[in-house]
Amino acid sequence: MSTERAEEQMPDWSAYRGVLIVVEQRDGEAKPVSWQLLGEGKKLAAKLDVPVKALVIGHGVGHLAREAGYYGADHVYWCDHPELANYRTRPYSRVVLQLIEDAKPEIVLFGATATGRDLAGAIATHLPTGLTADTTELDVEPPPSRLLLASRPAFSEKMMATILCKQYRPQMATARAGVFQSLPRNDSREAAIEEIAFRMEPADIAAEVLDFVRETGRINLEEADIIVAGGRGLGGPEPFAMLRELADTLGGVVGASRAAVDAGWIKHEHQVGQTGQTVRPKLYFAIGISGAVQHTVGMSNSEVVVAINKDAEAPIFQFAHYGIVGDLFKIVPAITEEMKRR
Ligand code: FAD
């Protein structure tokens, strides 16, 4: 079939308009990636001349519906029900599927978190459309094509793959946390809030969640303002105590390169980078980390980067706002001591 003829037979998608962000929350607190996606969604919506909308699901989450407006949503759908208090795939995906059918957004975005991946995947199995996972760049082609250009690293970050969904709507993607920037919160910005009904079905309770047990002591790199990260240059697990002391002094958390994680010096939950977490702190210390692309892809959006490395040629210095060439075992305790004195 010629391209021309294939285009002639393309369905008419004009009923699908608008960008929808599915807001993720836990215990009534939104994940920052949701507001980051609203910021990015607003840019896409402006190019398409459509509104950016948000969907808030949960129980007792009316405040989040308002907050979505503060972070840029023009219109917020709000679904509140006691049975939606905790995330469960089936009832949550039913709410999103129903909204897609009713509101017909042309683009739907989710955070690429454990929950967002589960939800988006479940929804994609019910629709003929595709799902681009783990995107780090989003753009749109202007009308008439209105195509979402969803890009993600491929081949160990050596190239970017841009994935298009030409044949179906909505166009769906999950996006990494920490990559996009949220709009500054503005409490005088108001969205139109529309409550949507939810009726529980017996099949929704295929698995009953009795309780969520929160792991204590688990670190949250994605939301940290200050990260003190260490790499192979530390030479073993013990020097991480020195990094922890600096992190505690500054009110931050400890991160790590994969080399340190693979060596068993620190748990994977601390890993920053391609196969770890993408972070966007205000301050990032890279200590004894060379700056391989698989590491820098996860931290290059940090506001200020301080690199400490004994090798003046280490690639990490290309990303550093402040570079200290020298032995980390002398420099880190000196910084900690100075910070404690202040
Ligand atoms: P090295 O590259 O060995 O660097 C150690 C640095 O410490 C050197 O620059 C050295 O000069 C410095 N140093 C040594 N001693 C001292 C001292 N006393 N004082 C000061 N400096 C000192 N890596 C990640 O980090 N995150 C990922 O998510 C990730 N995912 C990957 C996915 C794939 C598919 C692949 C192939 C690789 C991935 N990697 C990842 C690994 C990555 O390629 C690098 O191997 C890794 O980041 C190197 O870690 P490093 O910088 O700690 O170690």
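Bear in mind the structure is a predicted one, so any value in this text is a computation, not a measurement.

About the criteria used
Residues numbered from 1 in each chain as written. Predicted model: local features only at pLDDT ≥ 70, side-chain atom pairs only at ≥ 80, totals over all residues. Heavy atoms only, no water. Helix = DSSP H or I, 4+ residues; strand = E, 2+ residues; numbered from the N terminus. Buried < 20%, exposed > 50% of the residue type's maximum accessible area, 1.4 Å probe, protein only. 1 Å grid on protein atoms, 1.4 Å probe; cavity = no way out; pocket = protein on both sides within 12 Å on 5 of 7 lines; lining within 4 Å. Points joined across faces, edges and corners; volume = space filled by probe spheres on them. Nonpolar A, V, L, I, M, F, W, Y, C, P; charged D, E, K, R; others polar. Pairing = 2+ DSSP bridges. Axes fitted to C-alpha atoms, helices over the stretch in contact; angles between N-to-C directions. Near = heavy atom within 4 Å. Polar contact = N/O pair within 3.5 Å; in protein donor to acceptor, adjacent residues only side chain to side chain. Areas by Shrake-Rupley, 256 points an atom, 1.4 Å probe, with all protein chains shown as cover. pLDDT = per-residue confidence, 0-100. Contact = heavy atoms within 4.5 Å.

The residue after P143, namely P144, is reached through a cis peptide bond having omega 15°. Structurally, the position occupied by P144 is in the loop between β8 (137–140) and β9 (148–154). Omega for the peptide link from R169 to P170 comes to 0°, which places this bond in the cis form. Residue placement: P170 occurs in the loop between β10 (159–163) and β11 (171–175).

The next subject is helix α3 (residues 62–70). Among the 9 residues of α3, 7 are classified as buried, and the element is accordingly described as predominantly covered. Along α3, the residues that are buried comprise G62, L64, A65, E67, A68, G69 and Y70.

Now for the layout of surface pockets. Estimates place the volume of the largest pocket at around 1,400 Å³. Lining of the largest pocket is provided by 45 residues; of these, E24, K31, T113, A114 and E222 occupy positions nearest its centre. In terms of residues, the lining of the largest pocket owes the most to one element, helix α5 (residues 114–124), which gives 5 residues. Of the residues belonging to the lining of the largest pocket, the class tally is 17 nonpolar, 14 polar and 14 charged.

It is worth spelling out empty space enclosed by the protein at this point. Tallied over the entire structure, the rule returns 1 cavity of 30 Å³ or more. The volume enclosed by the largest cavity comes to roughly 30 Å³. Looking at side-chain class alone, the lining of the largest cavity contains 2 nonpolar, 3 polar and 2 charged residues.

Sheet architecture is open: 5 strands sit in the order β14-β13-β15-β16-β17, paired in parallel fashion. Only two strands of the sheet have a single partner each, and these edge strands are β14 (253–256) and β17 (322–325). Recorded for the sheet is a direction-independent mean angle of 20° between the axes of neighbouring strands. With 4 bridges joining them, strand β13 (residues 226–230) and β14 adopt parallel strand pairing.

Taken together, 26 residues surround the ligand, and among them R232, S257, T275, S290 and N309 come closest. A distance of 3.3 Å separates an oxygen atom of the ligand from a polar atom in the backbone of G276. Between the ligand and Q294 there is a distance of 2.8 Å, counted from an oxygen atom to a side-chain nitrogen or oxygen. Taken by itself the ligand offers 990 Å² of open surface, and the protein chains cover 77% of this. Mapped by element, the contributors of at least two residues to the shell around the ligand are α7 (258–262), α8 (293–296) and α9 (328–341).

Further remarks concern the sheet that holds β8. A sheet is described by the order of its strands in space; here 3 strands give the open sequence β8-β9-β10, paired in antiparallel fashion. Lying at the two open borders of the sheet, with one neighbouring strand each, are β8 and β10. With direction set aside, neighbouring strand axes in the sheet form an average angle of 25°. In the sheet, β9 pairs with β10 via 5 bridges, with the strands oriented antiparallel.

The next thing to look at is the confidence of the model for the protein. For the protein, the mean per-residue pLDDT works out to 92, and 95% of the residues sit at or above 70. Low confidence marks residues 1–6, where pLDDT is under 50. Its contacts with residues over four positions away, or in another chain, come to 2 contacts. Per the prediction output, this complex has pTM 0.73; the corresponding ipTM is 0.99.

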